[in-house]
Amino acid sequence: MTRPTTPAHPVPLHQLDAWQAAQGLARREIRAVDLLRACLDRIETREPQVHAFVHTNADAALRLAAALDAGPLRGPLHGLPLGVKDLLDTVDMPTGYGTPIYAGHQPLADAAAVALCRDAGAVMVGKTVSTELANMSPGITRNPHQLAHTPGGSSSGSAAAVADGMLALALGTQTAGSLIRPAAYCGVVGYKPSHNRVSRAGVKSLSETLDTIGGFGRSVRDVALLGAVLTGDSRLADPRHFEPAGTPRVGLCPTPEWPQADPDTQQAWAQADKALAGWTSPLALPAELSHLVSLQKAVQAFETARSLQAEYQQHQGQLSPALLALIEDGLRISGQTHAEHLQAVARHRQQADALFSDCDVLLAPSTMGQAPAGLDSTGDPLFCRSWTLLGLPCVHLPFARSRQGLPMGLQLVGRYGEDHRLLAAAHQVHARLMA
C-alpha cells in the first residue's frame with residue numbers, strides 16, 4: 001500500500017515550529033521523511049557558511065524516519081529532527097567534546113538525555129559544534145544572521161542550527177551561560193531547566209554544582225516539548241498551560257551587573273517594560289546576593305580544574321591558553337575554600353526562593369548586548385552566571401533587534417523546580433513582547 005504524500009504547508013517544513021511539526025506528525029499529516037529531507041536540504045545549502053555541525057548521519061536518520069512513518073507513534077518527539085551538542089555521548093556518532101584530544105572518540109552508550117529523546121521518537125541528525133570542552137575557546141560556528149559575528153557558546157552549533165532552520169530542536173548544556181547566551185545571539189528560544197532536573201549521565205562533566213542540560217527551539221512551546229521529555233514532567237508541555245489563565249506577575253530584575261549592559265540591551269529592556277505594562281513591578285536583589293557572579297566563577301574554576309585533570313595532566317599541549325589559565329586558577333583554590341563556597345551556594349539557593357514571594361517570574365538581561373563581531377570570542381556570560389549558580393530555570397525570549405540588525409532579547413527566570421510555571425508564563429510574556 002502506498003502511503004500518502006505530505007500535503008502542502010503555508011511555510012516550508014524546515015521552518016515549522018517543533019510543536020507544530022509534532023502535531024502534524026502525530027496526525028500523519030506530515031511524514032517524518034519529508035520533514036527530515038527538508039532539514040537536510042537546508043543543511044546542505046547553509047552548512048558551508050554556518051558550520052553548525054561536526055558530524056551528520058543523513059542515511060541513518062532517513063532510515064529511522066522511514067521506519068517511524070511506517071510504524072506506530074513513538075512518543076512526543078516522534079519524527080522530529082534533533083541536533084545533539086558534541087558534549088553529549090552518542091552510541092552511533094563520534095563525540096569529540098570540542099577538542100582534538102578526543103578526535104574520533106566513539107562512546108559505547110548514549111547520554112541519558114539522548115536516550116530519552118530517542119525513546120520519545122526523535123531523529124538524531126548530527127552532532128553540533130561545542131566550544132573546547134564547553135569552555136570559552138570558540139569552535140568554527142558562525143552566527144547565521146551575520147556570518148562575521150559569533151553565535152555564542154558553548155552550545156554554538158545547536159543554537160545556530162535551530163536559528164538557521166536546519167533543525168526543529170537541539171540539545172545544549174550550560175555551566176555559566178552556554179544555553180541562554182547563544183540563544184540570545186542567534187535569536188532563538190533557549191531553555192535551561194532547574195539544576196538536577198535532567199540527568200547528566202553521559203555528558204562530559206565540568207562542574208557538578210553548575211552543569212545543566214537543556215535545549216533550543218523557535219518558540220516556548222518547542223522547548224517545553226523537549227523539556228518534558230528530558231525531565232519526565234509532562235506538565236511542561238501540557239497544552240492547557242499555553243492558554244490564557246491570568247496575568248503572570250513579572251519582577252523586573254536588571255541585577256547588580258546592569259551598568260555593564262550596552263545601549264542595545266537597555267533599549268530591549270525599555271521596549272519590554274513598555275510592552276509588559278501592568279504585569280511588572282521592580283525587584284532588586286538583596287545585598288546578600290550581590291556577589292553571585294564572583295562566587296559562580298570560583299565554583300566553576302575549582303570544579304572544572306578537577307573534572308579536567310586527565311586532560312590537564314596528559315594533553316596540556318592540546319589545550320588552549322584560555323582553558324589552561326582557567327584550570328590553573330581553579331587549582332589555586334583550596335578544597336577548604338571550595339567547601340565554604342558550596343555552603344554559600346546552598347544558603348543563597350534557599351534565599352533565592354524569597355525572590356518569588358510577590359512575583360511569579362523575574363525578567364532579567366540575557367547578554368551585555370548583541371553578538372560581538374569576530375569569531376575569536378563567544379561573548380561574556382556575565383548576565384547568566386548568577387541564575388546558573390542559583391540553579392534556577394531560565395528561558396531566553398527573542399523579540400527585538402540591535403542597531404546593527406542582530407537579534408536581541410531578555411530572559412525569564414523561575415522559581416526552582418517550577419519549570420512548568422516558568423514556561424507557561426514565558427509563553428504569555430513572549431506573545432506580549434512580540435505583539
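Here the structure is shown first, and the text comes after it.
Residues numbered from 1 in each chain as written. Predicted model: local features only at pLDDT ≥ 70, side-chain atom pairs only at ≥ 80, totals over all residues. Heavy atoms only, no water.

Enquirer: Please provide a residue-by-residue account of the overall build of the chain, values included.
Expert: Along the backbone of the chain there are 14 helices and 11 strands. Relative to the 2.2 N^0.38 estimate, which gives 22 Å for 435 residues, the radius of gyration of the chain is 21 Å and therefore close to what a compact globule would have. For the chain, the C-alpha atoms occupy an extent of roughly 70 × 60 × 40 Å along the three principal directions. Put simply, the chain has 435 residues, and 59% of those count as buried. Here the analysis covers contacts within the chain between residues at least 6 apart in sequence; of these, 77% occur between residues at least 24 apart. A total accessible area of about 16,400 Å² is found for the chain, and carbon and sulfur atoms account for 53% of it. (Helix = DSSP H or I, 4+ residues; strand = E, 2+ residues; numbered from the N terminus. Rg over C-alpha atoms; globule rule 2.2 N^0.38 Å. Buried < 20%, exposed > 50% of the residue type's maximum accessible area, 1.4 Å probe, protein only. Contact = heavy atoms within 4.5 Å. Areas by Shrake-Rupley, 256 points an atom, 1.4 Å probe, with all protein chains shown as cover.)

Enquirer: Kindly report on the layout of surface pockets, identifying the contributing residues and their values.
Expert: Summary: where empty space remains is shown by rolling a probe the size of a single water molecule over the atoms. Of the pockets and cavities examined, the largest pocket occupies roughly 320 Å³. The dominant element in the lining of the largest pocket, judged by the number of residues it contributes, is helix α14 (residues 419-434), at 6 residues. Of the residues belonging to the lining of the largest pocket, the class tally is 8 nonpolar, 5 polar and 7 charged. (1 Å grid on protein atoms, 1.4 Å probe; cavity = no way out; pocket = protein on both sides within 12 Å on 5 of 7 lines; lining within 4 Å. Points joined across faces, edges and corners; volume = space filled by probe spheres on them. Nonpolar A, V, L, I, M, F, W, Y, C, P; charged D, E, K, R; others polar.)

Enquirer: Pulling in residues and values, what's your account of the sheet that holds strand β5 (residues 189-192)?
Expert: One open sheet accounts for 11 strands, arranged β1-β3-β2-β4-β6-β5-β10-β11-β9-β7-β8; its pairing is mixed. If you trace the sheet from one side to the other, it starts and ends with β1 (53-56) and β8 (280-282), each paired once. In this sheet, neighbouring strand axes are inclined to one another by 30 degrees on average, regardless of whether the strands run parallel or antiparallel. Two strands pair when backbone bridges link them, and strand β10 (residues 394-401) and strand β11 (residues 407-414) are joined in this way by 7 bridges, in the antiparallel orientation. The residue bridging Ala400 from the neighbouring strand is Met408, located in β11. (Pairing = 2+ DSSP bridges. Axes fitted to C-alpha atoms, helices over the stretch in contact; angles between N-to-C directions.)

Enquirer: Tell me about the nonpolar core, and please be specific about residues and values.
Expert: Grouped together as the largest cluster of nonpolar side chains are 71 residues, with contacts concentrated most on Leu77, Leu80, Leu82, Leu88, Cys117 and Leu171. The element contributing the most residues to this core is helix α2 (residues 32-50), with 9 residues. Ignoring anything within four residues of it in the chain, the contact list for Leu80 reads Ala18, Ala21, Ala22, Leu25, Leu35, Gly121, Ala122, Val123, Leu169 and Leu225. (Core = buried A, V, L, I, M, F, W, Y, C linked by side-chain atoms within 4.5 Å.)

Enquirer: Describe the pattern of salt bridges, with residues and values.
Expert: With the rule as written, the count across this model stands at 18 salt bridges. Residue Asp233 pairs with Arg197 through a salt bridge whose shortest N-O separation is 3.0 Å. With a gap of 36 residues between them, Asp233 in the loop between α7 (220-231) and β7 (250-252) and Arg197 in the loop between β5 and β6 (212-217) connect regions that are remote in the sequence. The class for Asp233 is buried, based on a relative accessible area of 10%. According to the relative accessible area criterion, Arg197 is partly exposed, its value standing at 21%. (Salt bridge = Lys/Arg side-chain N within 4 Å of Asp/Glu carboxyl O.)

Enquirer: For helix α12 (residues 335-352), give the residues involved together with the corresponding values.
Expert: With 18 residues, α12 ought to run about 26 Å at 1.5 Å a step, and its terminal C-alpha atoms sit 25 Å apart, in line with that. Here α12 has its buried residues at His338, His341, Ala344, Val345, His348 and Ala352. End-on, the buried residues of α12 take up no more than an arc of 115 degrees, which puts them together on one face. Looking at α12, the residues exposed on the side facing more than 90 degrees away from the buried face are Gln336, Gln343 and Gln350. Its buried side turned inward, α12 meets α9 (292-307) and α13 (382-390). (Expected span 1.5 Å × (residues − 1). Arc of directions from axis to C-beta.)

Enquirer: Would you mind going over unusual backbone geometry in detail, with residue names and values included?
Expert: Here the bond from Gly153 into Ser154 is cis, since omega is 5 degrees, no more than 30 degrees from zero. Mapped onto the elements of the fold, Ser154 is located in the loop between β3 (123-128) and α5 (156-163). You will see that Tyr97, though not glycine, has its phi angle at about 55 degrees, which is positive. If you trace the backbone, Tyr97 turns up in the loop between β2 (81-85) and α4 (112-119). The class for Tyr97 is buried, based on a relative accessible area of 7%. Of note in this structure, Asn196 is not a glycine but carries a positive phi near 75 degrees. Tracing the backbone through its elements, the reader meets Asn196 in the loop between β5 and β6.

Enquirer: Summarise the side chain of Asp264; cite the residues concerned and give the values.
Expert: Tracing the chain through its elements places Asp264 in helix α8 (residues 263-275). Within the structure, the side chain of Asp264 is placed 3.0 Å from the side chain of Arg403, a separation counted as a polar contact. Beyond its immediate stretch of four places on either side in the chain, Asp264 contacts Gln370, Ser402, Arg403 and Met408. (Polar contact = N/O pair within 3.5 Å; in protein donor to acceptor, adjacent residues only side chain to side chain.)

Enquirer: Tell me about helix α3 (residues 58-70), and please be specific about residues and values.
Expert: End to end, α3 covers 18 Å across 13 residues, agreeing with the expected 18 Å (1.5 Å per residue, within 8%). Here α3 has its buried residues at Ala61, Ala65, Leu68 and Asp69. Relative to the axis of α3, the buried residues are bounded by an arc of 100 degrees and lie together on one face. The exposed residues of α3 that point more than 90 degrees off its buried face are Asp59, Arg63 and Ala70.

Enquirer: Any details on empty space enclosed by the protein? Residues and values, ideally.
Expert: With the rule as written, the count across this model stands at 3 cavities of 30 Å³ or more. The computed volume of the largest cavity comes to approximately 70 Å³. Ala134, Asn135, Met136, Gly153, Ser154, Thr175, Ala176, Gly177, Ser178, Arg181, Gln300 and Pro381 together form the lining of the largest cavity. Along the lines of polarity and charge, the residues of the lining of the largest cavity split into 4 nonpolar, 7 polar and 1 charged.

Enquirer: Could you give an account of the pairing of strand β4 (residues 169-174), naming the residues involved and the relevant values?
Expert: Here β4 lies mainly inside the structure; 6 of its 6 residues are buried. Alignment of β2 against β4, held across 3 bridges, turns out to be parallel. Paired with Leu82 across the two strands is Leu169, which belongs to β4. With 5 bridges connecting them, β4 and β6 associate as antiparallel partners.

Remember, this is a structural readout, not a statement about activity or role.
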